[in-house]
Each structure stands twice: as C-alpha cells, then as structure tokens.
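# Descriptive analysis of the structure
Below, each chain spelled out in residue letters.
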Amino acid sequence: SSSVSLAEMAEKLYTEARWRESMAILSVLDLSPINEGGTVAEALNNSRLLAQHAETLGYHRYWVAEHHNMKGIASAATSILISHIASGTQKIRVGSGGIMLPNHAPLMVAEQFGTLSALFPGRIDLGLGRAPGTDGLTAHALRRTLNSDPNGFPKDVLELQGYLAAPKEDQKVTAVPGFNSKVPLYILGSSLFGAQLAAILGLPFAFASHFAPAAMMQAIGIYREEFCPSEQLDAPHLILGFNACAAKTESEAIYHKSSGLRALLNLRQGNPGPLPRPVENFDESLTDSERQIISQSTSASAVGNKSQIQSALKNFLDLTDADELIITSQIFDHQARCDSYSIVWEALNEIQDDLAFSAG
C-alpha cells in the first residue's frame, strides 16, 4: 500500500506542477511617472525602488516604455533607464515595453541592447512598437519622417533581428556589441497589425489592453490562430496589459486611482502633464463625456481591495487565457504604489494556489 501511496503523491505533485506551469505570469509595466511637484530624479529613483520591490515579490519582468515630450513620463531614454533598473536588481528580467522602432535605426537599437545584454546577461528583453510614442511635431524632432513606408516596421524588425543573431559570412555591417546576443524580441501592439506580425514572425505578443482594449479579443484570436513557430518561440506567448490599483480598502484604492484617471483624461483631452495628486470624490467632478472616456479605456483594469482585485483578475484570465499579465499602476504615492503591487501579487497567487489544489 505504501507504493500506491507514493505513486498517488507523485501524481499529485506532477499535476500541481503542470498546473503551475500553465498559470499566468505577473510582470510590471512602468512609465516612470513624474509626480505633480516632483522631479525627474525622483521618478527615476522610484522606478528602481519599485523594480527592487517587484523582484522581492517574485514578478517576472519589469518593462519601461518610450514616450517623448510628455511632462509626466521620465522614460524617454528607455535603454538608459533599463540599465539603471537592471543595475539595481539581480534576477528580474528588465526590458522595453517598448522601444518605438520607427524613431531609431535598427543598428543603434541592436548596439544598445547588445550592450545591455553584455552587462546583464540573460535578463534583457526588447519589446518593439511601431507608433512614434509622441505627437507629430516631436516625431519630426526625433528625425523621423511621417511619410514612411507602412511596411517599414516589419522590415526594421527583421533587420534588427539579423543584427542580434550570429553574423553571416558575407555580412558587411555588424552590431558590436549586439551580434550573437540573441536578445529576445517581443512585438507590442494595440491593433490587429501587431498580432499578425507577431504571429508571422513567431514572436511573443504584448497587447496594450491597459489603454486600448477595444480590439483585444480579435487580436488574441488572430495571434493564436496564425502563429508560426520560430527559433525564439515554439508556441504563442500572449502578454496583456492590465491596470490595477489595489489597497487595503476599496475607498482607499478609489482615492489613489483618481490620479491615474485624471492623467488619462488630461492626455485624451490634449493636455498631458505630471501625475496629479489624488482627490476625494473624484467621480462626482466628472462630466458625462469624461465618464465615457474612462469607461472606454478601463475594461482591462481593477480597483479595490484584495478580494475585488482577485475577482477581476480571475474574470480577465478566464476571458483571455493570457500567458502573462503586465501590470501598470499610476499611483501618486510611492509606498501606496508598492503596496498595490504587493496586493496584486498576493491576489493572483491565491487564485493559482486554489486552482493547483483543486487540480490535485
């Protein structure tokens, strides 16, 4: 009977391990927000501190996003910020969510990320987007033509991929550092274009559901149905952006959430600025049109206590079956922001523990 008992125990452990392998990974997306009344130095330091906190909790990766001419975002020089964060952490993957490739020559991106990979081996990700990450005037200031070939982004991705691979015998231009680093690439998108490209190239796909959820389900379907295995990836890997503002109580979470919502409205109304301070009774100050803007942008989001966050995460994962959630949280107070990521981590892991237990 002891052998049967051992066999049953082994089977349970194996089943639980399989369940854990299939669970969603949790990661962080950071815009390095500059607070109202704060400084760029504070924003960059807070990003590093948050990455250290996320690493302690067990988050998988920490991405920063390229934006330009935004008074509330300090992550414009994305590769430099990645180095700052990676040098302050030990295990967590650090990367871009993303580098806006139309702003850069692929060779320069390969050199930058080849350097990062040499400094922090096995920890650097290169997420790529095709938007400029800014307005048209600033895009021109970045030395980018707005009349570029619409097929330019896929070509640039392939060129960049070539620079990061082993050099060919007759190759005239080599990325040094960069060649043979094989820094993993990720395609970012908020439309169906990114889903199709990621599927064709056999790359992981990160969909910006945290601010543009309208085409999410259609993009997921295209990516999974059309995916072609590649040297980097043998099966689809879907990453979805998710807004979360968690606190001990619902009222506290709603209070902290007001900063991110006001920042969103300011951006959509053409007046972006530093991250505003939170306010009480924020909802009462909104116009009908502002409420509509918020409702259209927040379907991939959760605000509340741990139980409420847990319910929202479970519903979102049931709907999408995402391989990974990348959590973004625009919270003015740094400690409250760290606490929010702690609560999100606990909420998802309790769900996964329950699933593993029921599977066994």
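What comes next is a walk through the structure.

### Here's the deal with helix H7 (residues 192–201)
Looking at H7, one finds that the buried residues are Gly194, Ala195, Leu197, Ala198, Ala199 and Leu201. Elements in contact with the buried residues of H7: helix H6 (152–164), strand S5 (185–189), strand S6 (205–207) and helix H8 (216–226). Its side-chain oxygen at 3.4 Å from the backbone nitrogen of phenylalanine 193, serine 191 defines the N-terminal cap of H7.

### Quick notes on unusual backbone geometry
The phi torsion of most residues other than glycine is negative, and most of the peptide bonds are trans. A cis amide bond, omega 5°, links glycine 97 with the succeeding residue glycine 98. Position of glycine 98 relative to the elements: it lies in strand S3 (residues 93–100). We note that asparagine 69 has phi near 60°; this positive angle belongs to a residue other than glycine. Within the element layout of this structure, asparagine 69 appears in the loop between strand S2 (61–64) and helix H3 (78–87). The residue lysine 182 is not glycine, and still its phi comes out positive at about 50°.

### Here's the deal with the environment of isoleucine 239
Considering the arrangement of structural elements, one finds isoleucine 239 in strand S7 (residues 238–246). Overall, the relative accessible area of 0% leaves isoleucine 239 in the buried class. In sequence terms isoleucine 239 and phenylalanine 207 are 32 residues apart; their C-alpha atoms lie 6.3 Å from each other. With residues up to four places along the chain from it excluded, the contact list for isoleucine 239 reads Arg61, Trp63, Tyr186, Phe205, Ala206, Phe207, Glu324 and Ile326.

### A look at H3
For H3, every residue scored as buried is listed here: Thr78, Ser79, Leu81, Ile82, Ile85 and Ala86. The arc enclosing the buried residues of H3, seen along the axis, measures out at 155°, which places them on a common side. Buried positions along H3 lie against helix H2 (40–57), S2, S3, helix H4 (106–119) and strand S4 (124–129).

### What to know about the packing of aromatic side chains
Here a ring pair, both rings aromatic, is described through the centre-centre distance and the interplanar angle of the planes. Following the criterion strictly, the structure yields 7 aromatic pairs and no others. Ring centres of tyrosine 59 and tryptophan 345 lie 5.2 Å apart, and the angle between their planes is 40°; this geometry places the pair in the tilted category. Taken as a pair, tyrosine 59 in the loop between H2 and S2 and tryptophan 345 in helix H12 (residues 334–359) lie far apart in primary sequence, 286 residues in all. The exposure class of tyrosine 59 is buried, given its relative accessible area of 4%. Here the aromatic cluster, defined as three or more aromatic residues joined through ring pairs, consists of Phe205, Phe207, Tyr223 and Phe227. The ring of phenylalanine 193 has arginine 130 lying over it, and the distance from NZ or CZ to the ring centre is 3.8 Å.

### Section: the packing of H8 against helix H11 (residues 306–320)
Each pair of packed helices can be described by the angle between their axes along with the distance between the axes. Running from amino to carboxyl end, H8 crosses H11 at an angle of 45°, the nearest separation of the two axes being 11 Å. In terms of axis orientation, H8 runs oblique to H11. Across from Met216, Met217, Ile220 and Arg224 in H8, the residues of H11 making contact are Phe316, Leu319 and Thr320. Of the residues assigned to the contact of H8 with H11, the class counts are 5 nonpolar, 1 polar and 1 charged.

Conventions and cut-offs
Residues numbered from 1 in each chain as written. Predicted model: local features only at pLDDT ≥ 70, side-chain atom pairs only at ≥ 80, totals over all residues. Heavy atoms only, no water. Buried < 20%, exposed > 50% of the residue type's maximum accessible area, 1.4 Å probe, protein only. Helix = DSSP H or I, 4+ residues; strand = E, 2+ residues; numbered from the N terminus. Contact = heavy atoms within 4.5 Å. Polar contact = N/O pair within 3.5 Å; in protein donor to acceptor, adjacent residues only side chain to side chain. Arc of directions from axis to C-beta. Phe/Tyr/Trp six-rings, centres within 6.5 Å; stacked < 30°, edge-to-face > 60°. Lys NZ or Arg CZ within 6 Å of the ring centre and 35° of its normal. Axes fitted to C-alpha atoms, helices over the stretch in contact; angles between N-to-C directions. Parallel < 35°, antiparallel > 145°, perpendicular 65-115°, else oblique. Nonpolar A, V, L, I, M, F, W, Y, C, P; charged D, E, K, R; others polar.

All we've got here are geometric facts, nothing functional implied.
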